[in-house]
Every structure is written in structure tokens, then in C-alpha cells.
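Below, each chain spelled out in residue letters.
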Amino acid sequence: MIENLPKTYNPKGFEDRLYEFWKEKEYFKANVDKGKKPYTIMMPPPNVTGNLHMGHALNNTIQDILIRWKRMEGYEALWLPGTDHASISTEAKVVEKIRSEGKTKEKLGRENFIQEAWDWTRKYGGNINNQLEKIGVSCDWSRERFTLDNSLSNAVEEVFIRLYEKGLIYRGDRIINWCPNCKTAISDAEVDHEETVGHIWHIKYPIKDEEEYIVIATTRPETMLGDLAIAVHPEDDRYKGLVGKTAILPLINREIPIISDEYVEMDFGSGAVKITPSHDPNDFEVGERHNLGQCIIMSEDGTINKNGGKYSGLDRYEARKRIVEDLKNEGYLAKIKEHDNSIGHCERCKTVVEPLISKQWFVKMEPLAKPALDAYNEGKLNFIPDRFGKVYAHWLEEIKDWCISRQLWWGHRLPVYYCEDCEEIMVSKKKPIKCNKCNSTNIYQDPDTLDTWFSSALWPFSTLGWPEETEDLQYFFPTDVLVTGYDIIFFWVVRMVFSSLEQTGEVPFKDVFLTGLVRDAEGRKMSKSLGNGIDPLDVIEEYGADALRFTLVTGNTPGNDMRFHMERVEANRNFANKLWNATRFVLMNTDEKVAMEKVDKEFLEEEDKWILSRVNKVIEEITANLNRYEIGIAAQKIHDFTWDEYCDWYIEMVKPRLYGDNVESKRTAEKVLLHVLENILKLLHPFMPFITEEIWRHLPSREGALIISQWPISNEEMENVEAEKSMAFIMEAIKGIRNARQEMNIAPSKKATLIFITRDEEIKDIINYGKRYFINLASGEDIQIQEDKSNLGEDNISVVLDRCEVFIPLKNLIDFEKEIERLEKEKEKLAGELKRVRGKLSNEGFIQKAPEQVVEKEKAKEKKYQDMMNKVLERLESLKSDN
Ligand SMILES: [Zn+2]
Ligand SMILES: [Zn+2]
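Criteria and cut-off values
Residues numbered from 1 in each chain as written. Chains lettered and ligands numbered in written order. Predicted model: local features only at pLDDT ≥ 70, side-chain atom pairs only at ≥ 80, totals over all residues. Heavy atoms only, no water. Pairing = 2+ DSSP bridges. Helix = DSSP H or I, 4+ residues; strand = E, 2+ residues; numbered from the N terminus. Axes fitted to C-alpha atoms, helices over the stretch in contact; angles between N-to-C directions. Core = buried A, V, L, I, M, F, W, Y, C linked by side-chain atoms within 4.5 Å. Buried < 20%, exposed > 50% of the residue type's maximum accessible area, 1.4 Å probe, protein only. Contact = heavy atoms within 4.5 Å. Phe/Tyr/Trp six-rings, centres within 6.5 Å; stacked < 30°, edge-to-face > 60°. Donors = N, O, S within 2.8 Å, 3.2 Å for Na, K, Ca; no water. Tetrahedral: all angles 85-135°; square planar, octahedral: opposite > 155°, others 65-115°.

Chemist: Give me the lowdown on the sheet that holds strand β27 (residues 780-786), citing residues and values where you can.
Modeler: Pairing is mixed across the open sheet formed by 4 strands, whose spatial order is β27-β26-β29-β28. Only two strands of the sheet have a single neighbouring strand rather than two, namely β27 and β28 (796-801). Each strand of the sheet is rotated relative to its neighbour by a mean of 20°, with strand direction disregarded. Relative to strand β29 (residues 804-809), β28 runs antiparallel, the two sharing 6 bridges.

Chemist: Run through the nonpolar core, naming residues and quoting values.
Modeler: Formed by 144 residues in total, the largest nonpolar core has its most connected members in Leu66, Tyr646, Phe687 and Phe756. No other element matches the 13 residues that helix α21 (residues 631-659) contributes to this core. Leave out the neighbours within four places in its chain, and Phe756 touches Ala733, Ile737, Ile767, Phe774, Ile783, Gln784, Ile785, Gln786, Cys804, Glu805 and Val806. With 62 residues, the next largest nonpolar core counts Val159, Leu168, Leu458 and Val512 among its residues.

Chemist: I'd love a proper account of the packing of aromatic side chains, names of residues and values included.
Modeler: Under the counting rule described, the total for this entry stands at 36 aromatic pairs. Aromatic side chains Phe14 and Trp580 sit 5.7 Å apart centroid to centroid with 5° between the ring planes, which places their arrangement in the stacked category. Here Phe14, found in the segment before α1 (15-24), pairs with Trp580, found in helix α18 (residues 566-588); they are 566 residues apart in sequence, far enough to count as distant. Here the two residues Phe14 and Trp580 agree in accessibility, since each one is buried. Their ring planes at 80° and their centres at 4.7 Å tell us that Tyr475 and Phe476 sit as a pair that is edge-to-face.

Chemist: An account of the coordination of the zinc ion (ligand 2) is needed here, citing residue identities and associated values.
Modeler: The coordination sphere of the zinc ion (ligand 2) contains the protein donors Cys419 (SG), Cys422 (SG), Cys435 (SG) and Cys438 (SG), at a distance range of 2.1 to 2.3 Å. For the zinc ion (ligand 2), the 4 donor atoms in the first shell make angles of 102 to 116° at the metal, so the coordination geometry reads as tetrahedral. Expressed as a motif, the donor residue spacing for the zinc ion (ligand 2) is C-x2-C-x12-C-x2-C. Here the residue Cys422 occupies a position in the loop between β18 (416-419) and β19 (425-427), and Cys438 occupies one in the loop between β19 and β20 (443-445), the gap between them amounting to 16 residues. For Cys422, a relative accessible area of 27% puts it in the partly exposed group.

Chemist: Could you give an account of the coordination of the zinc ion (ligand 1), with specific residues and numbers?
Modeler: The protein atoms donating to the zinc ion (ligand 1) are Cys179 (SG), Cys182 (SG), Cys346 (SG) and Cys349 (SG), with metal-donor distances spanning 2.2 to 2.4 Å. Every donor counted, the 4 donor atoms about the zinc ion (ligand 1) form angles of 102 to 116° at the centre, which fits tetrahedral coordination. Each donor residue of the zinc ion (ligand 1) lies on one chain, and together they are spaced C-x2-C-x163-C-x2-C. The class for Cys346 is buried, based on a relative accessible area of 1%. With a relative accessible area of 25%, Cys349 lands in the partly exposed category.

In C-alpha cells:
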């Protein structure tokens with residue numbers, strides 16, 4: 001077996017091969033199996049034309065860890081993958097492509113455009129899946145779904161129709177967020193708010209037939225073209241006499257009423273506000289209450305329309321400039337002040353969104369939000385970490401109706417038809433032959449498509465065949481956990497929960513595990529413009545997928561952003577390398593036949609009992625950690641156990657037995673070595689699937705693939721408190737002795753007498769038992785135990801331990817004169833360094849001009865040299881006093 005395991009760890013030599021092997025053997029495939037419990041995760045569908053980034057890598061690594069672990073625990077584990085058509089983002093890319101060919105959407109026509117989008121999707125759609133395979137995702141590709149698949153589209157139409165028939169979807173004039181660049185409505189969740197210092201303009205509106213005027217304040221003066229009233233608070237004494245009178249809109253001389261409404265804040269600005277119902281959500285409501293009607297002054301592209309009089313045709317910002325100028329010239333401008341403003345930008349293209357009245361389709365949220373909120377409050381939905389539950393609940397409490405229509409072509413077209421003759425609305429999957437009301441056959445479909453999130457909101461059940469009562473749906477739904485970024489709680493998590501509750505009566509997943517952002521080493525967001533993004537595929541190319549996966553899940557906690565350090569990837573590659581080398585050592589030193597036999601308890605030695613007890617404990621702890629989603633802690637534990645306890649201690653401890661003549665002892669060591677290695681591979685497999693599977697294939701008699709092997713179960717019988725206690729003491733002693741020797745600069749080849757001082761019988765037994773370890777691992781010879789410090793020479797170093805002290809006579813270990821000479825030299829050198837650093841630090845020019853970091857560095861150096869100097873002086877002192 002060993003002859004097949006290459007000398008060096010080279011992930012490129014096996015990662016792709018193993019992935020193909022797993023796929024070919026259909027280990028990722030889940031089947032309805034009533035004899036087993038299902039465990040289901042729905043992969044958050046990446047954009048079909050997207051590319052893998054660190055966020056995907058993190059997110060999918062976590063899902064893969066959970067699914068591999070549960071698969072090994074014996075669950076029928078389904079991880080369903082798929083992609084999202086990502087309407088707005090894909091459409092933007094296709095528009096760009098045809099533009100580069102000199103074409104436009106309109107010229108191409110809807111059908112041809114959609115054809116282009118499909119071509120684009122087919123061309124780039126496979127990329128992200130191939131990239132996901134590189135990180136080792138063990139998802140069931142045979143169940144891959146796409147949000148525009150026929151069955152998923154059918155689910156979308158079904159939900160739309162059901163909600164419409166229940167009165168939960170309606171068409172209405174509402175203020176929506178309009179992106180003049182994307183030329184579509186976007187939902188609240190798609191608007192990024194940015195605090196900016198802008199201006200507030202105070203404008204005088206003359207009162208009709210009077211000499212007076214009223215001052216209003218606005219941050220968007222161009223919208224005054226659409227003003228239909230001025231409003232004041234009913235209790236505002238300043239304006240009591242004016243309510244009911246008429247004001248004249250400057251520049252266009254429209255007469256508008258002065259009304260009172262409680263919405264107005266008396267202490268904001270002048271206490272009087274302009275009301276522009278078509279361009280502001282609050283004004284819209286005031287307008288409804290006072291029957292002001294509508295006056296739209298802006299086109300879809302952000303230019304002023306014909307209602308804007310002489311400003312029509314101007315871009316909104318150009319119009320603003322001209323209007324402010326004209327107001328000033330005509331004496332209507334009272335003042336301009338700076339003003340902190342929260343401005344909404346299109347999440348996709350960063351254009352400032354325009355609140356605009358528009359005929360759109362909405363989902364009525366209040367009746368849907370309530371069950372989603374109840375589910376959380378009743379504990380049917382858990383968030384990891386907990387605090388995001390409050391974010392979820394708060395969003396639902398404040399939720400507004402969801403604008404679901406988009407003026408785009410790529411996506412699910414609304415299943416809505418209109419009669420051209422009587423404007424009757426008909427909602428159905430198929431185009432009606434004639435109008436329900438007037439029998440006309442002039443029927444056309446609504447040109448809009450649905451918000452992408454409308455279809456992804458159905459993902460947990462539409463992917464399993466809903467609305468059909470499929471076997472898959474009955475068995476795998478509801479799912480167990482959703483793993484996603486905290487940044488899409490509103491877009492997605494909330495909508496999946498209420499959609500699922502409404503359509504299936506079930507919470508779609510029990511747990512929501514939220515991941516943070518992967519930032520660069522300095523803590524900045526990875527972005528194209530900063531050029532600081534790290535491509536997961538590059539990392540895999542250089543270090544292997546296992547090292548990348550391990551880096552992503554260690555050193556961070558759920559819901560918190562993490563920093564990505566290349567040094568950590570390297571360290572984790574080194575960990576894989578350490579495991580590889582340890583395996584080679586074990587395989588080189590074990591007899592295949594012996595290794596296939598079971599461990600015989602009778603022949604266990606202390607270190608065997610200890611490592612068996614420890615691995616048992618680690619199994620128990622890691623399983624508990626995973627059950628609590630403490631993935632990083634679990635990974636760290638298996639890392640530390642493998643590196644420290646197994647490689648650095650156990651293997652070193654049993655080496656003399658492997659090379660010795662005692663056959664039974666040798667055999668036992670071989671069996672235990674393999675048994676523990678086998679458990680390490682199992683525990684590590686979910687985190688580092690490739691290296692563990694590759695090593696597994698080389699272990700004697702390990703039948704079948706590791707991916708489908710059984711997750712280890714802890715066994716109380718293996719627990720051995722005594723062995724753990726005594727080995728802990730022995731290891732502490734060895735570490736202490738090694739450190740002391742190192743400090744005294746004693747070569748490891750020089751054997752030393754070790755005098756243990758203790759009166760504790762238990763410790764005495766352990767020391768007696770542990771002699772061979774002290775000889776092998778602490779360069780000891782002649783191990784003595786004394787009850788007191790009599791007969792100790794003067795030149796000793798000592799190590800303090802639990803209930804015990806070890807003395808190491810220095811005679812014969814150190815050439816005192818030579819050591820003093822060496823230390824004197826060291827002292828001189830350090831004095832020189834200290835002088836140089838202090839010279840720098842006392843130079844005011846340096847302190848003032850040098851960057852803070854550089855000064856800090858010098859200060860740290862000073863401290864380091866001083867510490868070293870103190871040690872040297874201390875040692876000199878003790879050496880001199882000993883002689
Ligand atoms: Zn936009
Ligand atoms: Zn009709």
C-alpha cells in the first residue's frame with residue numbers, strides 16, 4: 001500500500017480524479033429511502049452567468065461539511081444545487097453584449113432578445129458549476145435545477161395565481177423605486193442608502209391675491225413641477241390663517257391649495273411642505289387623503305416630461321440646475337443650506353433611484369408577514385447566530401407591500417392578460433381565448449416579468465416538484481438548514497419563509513446559518529475596483545481545495561466577517577502535508593496483516609490507552625460541535641488533535657516500540673496507530689475531503705470509500721481518565737525539560753540526569769512508569785526520584801510541575817566558561833542594537849516625520865531587544881553565581 005502513496009503531498013495529483021470518482025459512483029445522489037432519515041439542504045442558487053467568488057466558496061464549504069457529515073452519520077443526505085436566472089443582472093449583461101454589436105433591445109424585439117439571453121446563459125451557465133466542483137461540493141447534480149426550468153416556472157405561475165385569487169396580489173399605482181438607468185422598478189431591498197451631504201433649498205410660494213408668501217424646503221427642487229398642494233400641520237398656529245387659501249407655484253404659475261395634514265412635522269424647516277404625490281411616497285399618501293390627483297413630471301429615463309413645461313426634455317439634474325437658477329433670478333429662492341441626506345441608489349448600477357408613481361404589481365405583505373413572524377416567535381425557525389433573528393423579525397414588523405413587476409424581458413413573464421377593449425384583467429397560466437367580460441378576442445399579455453426573488457422565494461419546494469405532491473417533496477421537505485449570507489435576509493430568507501408557509505403550511509427550514517463576508521487581509525471588502533479580490537480558483541491551483549476550505553471555516557464565527565490571509569492557507573496546506581507524511585510513516589512501519597486485526601485491549605500500553613481515550617473524546621466533542629454548528633471549533637479540534645497529540649506525541653512515543661523486539665508491543669502500536677488514523681480521516685473528511693479520501697484508499701483493508709463510511713461514534717469504554725492524567729503529567733514534564741534545556745542552549749544529543757522531587761505516591765508511580773519517555777523524548781538518562789532536595793548539587797536548572805519539581809544538574813552539560821563567553825558576546829551585540837534603536841527613537845525628526853507604523857515597529861524592536869538582554873543578564877548572573 002505504501003508504495004502507492006506518493007512521497008509528497010500534491011493535491012493536483014488527485015483532487016480532480018477523486019471528484020470524478022465520487023460522481024461516477026453516485027455517492028452524491030440522494031434517493032427516497034423510507035428506512036433512513038432525510039437530511040436536506042438547498043444550495044442558494046448562484047447567478048447562472050456568475051463566477052465563483054470567496055463568498056460562494058465559504059458558503060458552499062459550510063454546506064458541504066454539513067452534508068458530508070450527515071451522509072456519514074447515516075442520513076439520506078440531499079444537497080440540491082442549481083442556478084438563478086438573475087433577471088436584472090443577466091439582462092444587463094446581454095444588453096451590453098448586443099450594444100457592442102450595434103443592436104438594441106427594442107430593435108431586436110422581445111423574442112430575439114430572449115433567444116440571445118438563452119444563448120448567453122447556455123454559454124456561461126456551466127462555469128459556476130464547474131468552479132463549484134473544484135472546491136469539492138458533494139451535491140446531487142442529478143437534481144440540478146434552474147429557476148427558469150418548466151417545472152419551476154409552473155410553480156411561479158401557480159403561486160402568482162393563488163395569491164391573486166386570494167387578493168394578496170394586486171395591481172396599483174404606488175410610489176416605487178425607479179432606476180432611470182435600468183429602466184425598471186426595483187424593490188426596497190434593492191436600494192442602497194447612502195448618507196450624503198446635499199443641499200436643501202428654501203423656496204417662496206406666493207399666496208394668491210395677497211402680498212404674502214409661504215416658504216417651503218425641498219431637497220429635490222425639480223419635483224416642484226409636479227406639486228399639487230402645500231401642506232401644514234393642523235395645529236401649527238403660524239399657518240392657521242392660510243389653510244384653505246391658494247398658493248401659486250413659481251415658474252409655472254399653477255394654482256395649488258394649502259391644506260393641513262398631520263403628516264407634516266411642525267419643527268422641520270419652515271413647517272410647510274410641498275406635496276408632490278407622483279414623486280414621493282409620503283406625499284402620495286397625503287395626496288390620496290386629500291384627493292389631489294397625480295402629476296407625473298418625469299420619464300422613465302429620468303428626463304423631465306411634457307408636464308414640465310419649458311423644462312421638458314432636460315435630464316433631472318440639468319433641470320434642477322436650471323430651476324434653481326430661475327428661482328433665484330425671479331426672486332423666489334429664500335436660501336440654500338447644506339443638508340445631510342440619505343440618498344437611495346440602485347443596488348445594481350448605483351444610479352440614484354427616483355421615487356416615482358407607477359402602475360405595478362404588488363404582493364400584499366401584512367397577511368403573509370404575520371405567520372412568518374409567528375414561526376420565529378414560536379421557535380420554529382432558529383438563526384445562527386441568534387442575533388439575526390431580531391433583524392428578521394424587525395424587517396417583518398416593518399414590511400411594506402412588495403413590488404414584484406419588473407420592466408425587463410428576461411425572467412418569468414406575469415401570467416396576466418388584458419382585454420384591449422374593456423381593460424378586463426385575467427390571470428391565468430394560458431392565454432385566454434376571449435375576454436371574460438366582453439368576449440373580445442383582443443387579448444394581450446402583460447409585458448412585465450417578475451422580480452427574480454419571486455421565483456427564488458419558492459426554491460426550497462419548487463425544486464422538489466411542488467405543486468405536485470411528489471415523493472421527493474414528501475420525503476425531503478421541509479429542509480433542515482439554509483446556509484446563506486446575512487446580506488440577503490430580506491431579499492431571500494424572509495420571502496422563502498412566508499412563501500413556504502403560505503403555499504405548503506411548513507417553515508421551509510429549521511435553521512438558518514448565516515455567513516459573513518470574506519474580506520481581504522486588511523479587512524476591506526473584496527472588490528473589482530480595489531483590485532483586492534482573491535479568486536478561489538487561484539488559491540486551489542496553488543494550495544489545493546482542502547487548504548482553501550480549511551482556511552475558510554477556521555478562525556471565524558457564524559455571521560461575522562472574516563479576513564482572508566494567504567499565510568493561513570499556507571499553514572493549512574502544511575497541516576495537510578503533515579498528515580500526509582505521518583500517514584507515510586505509519587504505513588511504512590505497519591505490517592498489513594497485523595493492521596487488519598482488531599486492537600487487543602490486553603496489550604495496550606499507557607500511551608495507547610491515552611490516545612484511544614483522547615480520540616474517543618475528540619469524536620464526542622466534534623460531533624457535539626457540529627450539532628451546534630460550531631464548525632470552526634470542530635475544525636480546530638481535529639487539527640490540533642492530529643498535529644499535536646497524534647503526530648507530535650503519539651507517533652514519537654511509539655517509535656521505539658516499532659523498532660524494538662517486543663512483537664506484541666510492536667503489533668499493538670501498529671494497530672493503534674492505524675485505528676486512530678482511521679478516525680482522524682473520518683473526522684477530518686467533511687473539512688478536507690480530498691486528502692482524507694486519497695489517504696483512505698491506501699490504508700490496508702479499508703473497504704469502500706471514505707465519503708460513505710460510518711461517522712465514528714464515541715464509546716464510553718474507551719475512556720481512560722487515569723491514562724489521560726498520567727500522560728498529561730508526562731507530556732508537561734517533557735515540555736518543561738525541553739524548554740529549560742533549550743534556554744540553557746544544551747544540545748539535544750547531550751543526555752542529562754533528571755532528579756524528580758516529589759512526595760506524592762501517584763506522581764512517583766507515573767514517573768517510574770514514564771522513565772522510557774523521559775529517556776526517549778527529553779534526552780534523559782539516569783532518572784531519579786527523591787522526596788526532598790538534599791544531595792542536590794548547586795548548578796541545577798529546575799522545572800516546576802504539578803506536585804513535583806525536576807532538577808537537571810548542569811555539570812557535564814555545559815562548559816561554563818565557554819557559555820559565559822558566548823553570553824558576553826550576545827550581551828555586547830544586544831547593547832549595540834539597543835543603542836541604535838534608542839538613538840532613532842530619541843531623534844525628534846524621526847518621530848515626527850516617520851509614519852506611525854514605522855515608529856511602532858521601532859518601539860517593538862526596542863522592547864524585544866530589552867527582553868532578550870534581560871534574559872542574557874539573568875543567565876550570566878546565575879552561571880557566575882553557580883561557580
Ligand atoms: Zn439601476
Ligand atoms: Zn373585454
